[in-house]
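Understanding the architecture of this molecule
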Protein chains: 2
Amino acid sequence: MKAEILSIGTEILLGEIVDTNAQYLASRLPALGIDLYFKAVVGDNMERLTETIGRARERSDIVICTGGLGPTEDDLTREAICAVLGEEPLVDHELEATLRGFFVRRGYAMPERNVKQCWLIPSCRAIPNPRGTAPGWWVERDGKIIVAMPGPPSEMTRMWENEVAPELVRRHAGSVLITRTLKTTGIGEGNVDEMVSPLLKTRNPSIGIYARADGVQLRIAAKAPTEAQARDLIAPVEDEARRILGPAVWGADEDTFESVVGDMARVAGVTIATMESCTGGLLASTLTDVPGASVYFRGGLVSYQTELKVGWGVPASVVEEFGVISPECARAMAQAARERLEASVGVGITGVAGPDEQEGKPVGTVHVAVDAIWAAPQVMSYVFPSGRTAIKRRAVTVALGLLRQSLLGHRNEALV
Amino acid sequence: MKAEILSIGTEILLGEIVDTNAQYLASRLPALGIDLYFKAVVGDNMERLTETIGRARERSDIVICTGGLGPTEDDLTREAICAVLGEEPLVDHELEATLRGFFVRRGYAMPERNVKQCWLIPSCRAIPNPRGTAPGWWVERDGKIIVAMPGPPSEMTRMWENEVAPELVRRHAGSVLITRTLKTTGIGEGNVDEMVSPLLKTRNPSIGIYARADGVQLRIAAKAPTEAQARDLIAPVEDEARRILGPAVWGADEDTFESVVGDMARVAGVTIATMESCTGGLLASTLTDVPGASVYFRGGLVSYQTELKVGWGVPASVVEEFGVISPECARAMAQAARERLEASVGVGITGVAGPDEQEGKPVGTVHVAVDAIWAAPQVMSYVFPSGRTAIKRRAVTVALGLLRQSLLGHRNEALV
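Cut-off values and rules
Residues numbered from 1 in each chain as written. Chains lettered and ligands numbered in written order. Predicted model: local features only at pLDDT ≥ 70, side-chain atom pairs only at ≥ 80, totals over all residues. Helix = DSSP H or I, 4+ residues; strand = E, 2+ residues; numbered from the N terminus. Rg over C-alpha atoms; globule rule 2.2 N^0.38 Å. Buried ≥ 20, exposed ≤ 12 C-beta atoms within 10 Å, placed from the backbone. pLDDT = per-residue confidence, 0-100. Core = buried A, V, L, I, M, F, W, Y, C linked by C-beta atoms within 7 Å. Contact = placed C-beta atoms within 7 Å. Least-squares fit on C-alpha atoms with pLDDT ≥ 70 in both. Nonpolar A, V, L, I, M, F, W, Y, C, P; charged D, E, K, R; others polar. Pairing = 2+ DSSP bridges. Right-handed = clockwise from strand over helix to strand, strands pointing away. Domains from an automatic or database assignment. Axes fitted to C-alpha atoms, helices over the stretch in contact; angles between N-to-C directions. Parallel < 35°, antiparallel > 145°, perpendicular 65-115°, else oblique. Left-handed = near helix turned anticlockwise from the far one by under 90°.

For chain A, the count of helices and strands is 14 helices and 17 strands. What you see for chain A is a C-alpha radius of gyration of 27 Å, clearly larger than the 22 Å of a compact globule of 416 residues, by over 25%. Taken over the C-alpha atoms alone, chain A extends approximately 80 × 55 × 40 Å along its principal axes. The proportion of buried residues among the 416 residues of chain A is 44%.

Quick look at the confidence of the model for chain A now. Mean pLDDT over chain A works out to 92, with 99% of the residues at or above the 70 mark. In the predicted complex, the global pTM is 0.80; the interface-specific ipTM is 0.80.

Core analysis: the biggest nonpolar cluster contains 107 residues, and Ile272, Met333 and Ala399 of chain A together with Ile272, Met333 and Ala399 of chain B have the highest contact counts within it. Setting aside residues no more than four positions away along its own chain, alanine 399 of chain A makes contact with Leu283, Val347, Ile349 and Val368 of chain A. Ranked by size, the runner-up nonpolar core spans 88 residues in total, among them Ala40 of chain A together with Val41, Ile64 and Ile145 of chain B.

What follows is about the relation of the copies chain B and chain A. Laying chain B over chain A is done by rotating through 180° and shifting 0.2 Å along the axis; what remains is an RMSD of 0.2 Å. Seen this way, the second copy is the image of the first under a two-fold rotation axis. Measuring from the rotation axis to each C-alpha of chain B, the shortest distance belongs to alanine 40 of chain B, at 2.0 Å. Looking at the interface residues of chain B, 100% of them are also at the interface in chain A, so both copies use one shared face.

Right, let's get into the interface of chain B and chain A. Listed as interface residues are 39 residues of chain B and, on the opposing side, 39 residues of chain A. Of all the secondary-structure elements, those providing two or more residues to the side of chain B that touches chain A are α2 (20-28), β2 (35-42), α10 (282-287), β14 (297-302) and α14 (388-415) of chain B. It is β2 of chain B that contributes the most residues to the side of chain B that touches chain A, seven residues altogether. Of the residues that constitute the side of chain B that touches chain A, the class distribution is 20 nonpolar, 14 polar and five charged. Relative to β14 of chain B, strand β14 (residues 297-302) of chain A is paired through three bridges, and the arrangement is antiparallel. Bridge pairing links leucine 301 of chain A to leucine 301 of chain B in β14 of chain B.

Residue and element names in this part refer to chain B. The element β14 is largely enclosed, with a buried count of six among its six residues. Alignment of strand β13 (residues 272-276) against β14, held across five bridges, turns out to be parallel. Following the sheet pairing, methionine 275 is matched in β14 by leucine 301. At this point the chain moves from β13, through α10, to the parallel β14, and the crossover so formed is right-handed.

Frequently, the measure chosen for interface size is the accessible area removed from exposure when the parts meet. Residue and element names in this part refer to chain A. Taken domain by domain, chain A holds domain 1 (2-171), domain 2 (176-252) and domain 3 (257-415). If you average the C-alpha positions of domain 2 and of domain 3, the two centres end up 31 Å apart. Considering only residue class, the side of domain 2 that touches domain 3 consists of three nonpolar, two polar and one charged.

Residues and elements named next belong to chain A. With antiparallel pairing, four strands are arranged side by side in an open sheet as β10-β11-β9-β12. Each edge of the open sheet carries a strand with a single partner, namely β10 (206-212) and β12 (249-252). Recorded for the sheet is a direction-independent mean angle of 25° between the axes of neighbouring strands. Direction of pairing for strand β9 (residues 176-184) relative to strand β11 (residues 215-224): antiparallel, over a ladder of eight bridges. Bridge assignment links lysine 183 to a residue of β11, and that residue is glutamine 217. Against the sheet, helix α8 (residues 227-245) makes contact with β9, β11 and β12, and its axis sits at roughly 20° relative to β9, the strand it touches most.

Here we take up the sheet that holds strand β13 (residues 272-276) of chain A. A sheet is described by the order of its strands in space; here 10 strands give the open sequence β17(A)-β16(A)-β15(A)-β13(A)-β14(A)-β14(B)-β13(B)-β15(B)-β16(B)-β17(B), paired in mixed fashion. With partners counted over all chains shown, the strands left at the sheet margins are β17 (378-383) of chain A together with β17 (378-383) of chain B, one partner each. Averaged over all neighbouring strand pairs, the angle between strand axes comes to 10°, with direction disregarded.

Note: strand β9 (residues 176-184) of chain B against strand β12 (residues 249-252) of chain B, three bridges, orientation antiparallel. Pairing of lysine 183 of chain B across the sheet is with glycine 251 of chain B, part of β12 of chain B.

What follows concerns the environment of alanine 211 of chain A. All names here are of chain A. Within the secondary structure layout, alanine 211 lies in strand β10. The class of alanine 211 is exposed, set by 11 C-beta atoms lying within 10 Å. As a C-alpha pair, alanine 211 and lysine 183 span 28 residues in sequence and 9.8 Å in three-dimensional space. Sequence-distant contacts of alanine 211, defined by excluding residues within four places in its chain, comprise Glu189 and Val216.

Residue and element names in this part refer to chain B. Two numbers describe how α2 lies on helix α6 (residues 153-171): the axes approach to 10 Å, and their chain directions differ by 25°. One finds that α2 runs roughly parallel with respect to α6. Seen along the crossing, α2 lies across α6 with a hand that is right-handed. On the side of α2, the interface is formed by Thr20, Asn21, Tyr24, Leu25 and Arg28, while α6 contributes Pro153, Met156, Thr157, Trp160 and Ala165.

Take unusual backbone geometry next. With an omega dihedral of 5°, the bond running from asparagine 204 of chain A to proline 205 of chain A counts as a cis peptide bond. Note that the residue after glycine 354 of chain B, namely proline 355 of chain B, is joined by a cis bond; omega there is 10°. By secondary structure assignment, the location of proline 355 of chain B is in the loop between β15 (345-351) and β16 (365-372). A positive phi angle is found at aspartate 253 of chain A, which is not glycine, with a value near 50°. Considering the arrangement of structural elements, one finds aspartate 253 of chain A in the loop between β12 and α9 (257-268). Even without a glycine there, the phi angle at glutamate 342 of chain B is positive, about 50°. Tracing the backbone shows glutamate 342 of chain B in the loop between α13 (327-340) and β15.

Have a look at this one:
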């Protein structure tokens, strides 16, 4: 089954709002056995919209549209579908009663221009939308499907998950594509490729290797008649890849570095504290993006100005001898965070986020230290050739990696 | 002049990498007087790519492609353009010498498959790319232009700015569209609309009103033969809008809330300190996203666990009487941050980021306080009905808004 995704709206075309819908839908199609061939954005223009939907319908089995279902003159998705099929819209009285009720419950009378949200055409049935005023359209004729969903992501995703995807699963007759992504750290793309090369010969599942900001990922993708069969194809390959890559694998699929570190800390009964300079609190903020972080995250210090570092326990002698931008300072920050905040592991980050160099150290210099009660302190140093916010992000990724290593060490010690 | 933007690559189609190029290009076209009609993504497939480029060339004056210029078999942009025009590629010996030199300088021999990056066709000239191995293609025939640029954003943007945009400016004969965006806070979309309604009647410049995460924006857009003339049309309307909206306007165009607050603090010679609970350091991190923040940002405390708040100067009596999730606690945090970190203004944020309620307060409850030496403390309280990271972001936006208000007060006092 071949699909195209069409995002409708001048604001999306001009990049004034980010089109998250198309990416969401693209990520959902493979598991339904649907191949995505084309993705397009078209503005609120009747002629171009009609041409685009018509052409997509010619060459694909299913055209998935988002946007253009609002009540205004600019919202033209329904009109364009009518034009493509040569069908006339009629107000559906059941839909109209529902929509008027929707407004009444909010204490308004329905504006008359909203009536077009109650249109139907002979080839179309309405898709319920409890989160908004615009029902979706499921249009089916001559073996081709057009699905039109509203643009607001919360309305669209609910409609997709509860209505459209289940219907597509029911009609499904081919094969599904299921993927499993293993996430690694500390090994380069070429190395991963070499290590898993015996696995790369298989066609189904197929294996892809991708470099990402938080490490190299191994993507195992299997095609099979059912999801369960696809998972059965993936399982032995995943086991073998995990055996080969060992502790370099830190997570899978939706795992984030911070969620994995958080899980490990919770299981180990360990608490974490931070002292940050160049990252300005981004590490603490990232750690607390994980629900339930209060169990293991004690708190953090953002020592943006040097005297604060000393006030919070970094020895003045370290600053004098090595400077603030030094591995020694990072280590002292980690220790001070652990001690001052009474945690079992402390993290210290210092560096130069730019735009100017500092203490003669170039922009991008970063020192990250972890100091845990169960092991000797660890420090890593880098020079990241990137911009200010990217330097901050990369320093946080390094810190999470070091934290994970430290927690792995804690676990291994507990096992001894 | 009508344009289409075409992003080429299976990874972009499937949403595995985010397509920043299309948005970048879309934002650059209006100032060149070029109308964007269509934006599409197509995978690395010869048939669909050829069809898509051919069709775009039929209906538009200029087709702007990014991606697919690498050396591998998957990189098919050149091949597809050849197919569309029915022209045969030939290796250009000058390009080849340049490319071999590029590899030699890096200490490699050029892999032979890179030779296709030295192709030219009769209708095409190469566009220099000092940042990579793939020259762009400027293809011109029958009054239609195809521009093909490499996918890596750093290569693409340099090529666009230094080569493609200047060439398009030279050919430009029509009118340019210049926009100016005023950013407001503290007034709803409907109110802004009502206040500026006398301005909304003008056609050129035209005015649009948009609700954004950091407030309502007023977009003034003017068409004129030259950029200078367009700016002359905008200026009086901008002046009038600023007069009407007064201090609700906090910035324009690329300004961010944190950059504006930072500018004000620097000019006022004021220093800022923070104590955060539910935002976990995101406010400190956001403040330090601005280059040069070290001049006015002293540092921050992330008091994720209650005892830390008390240890850092929040009176135990406040916690006992009002709880941690209270306006009183936020105010005490702001004061403690200001005093402990010896700043002139302190910010305190406490709340419930979820997933569970706390002290009987629902998820999304947020109290934000600002305590400055020049004024009485201010507290704002909200319940945001959103997810964990969105609650954090919205609380930070509120804090920046309060900081700005406080700094405005400081400025007005200085003027008295």
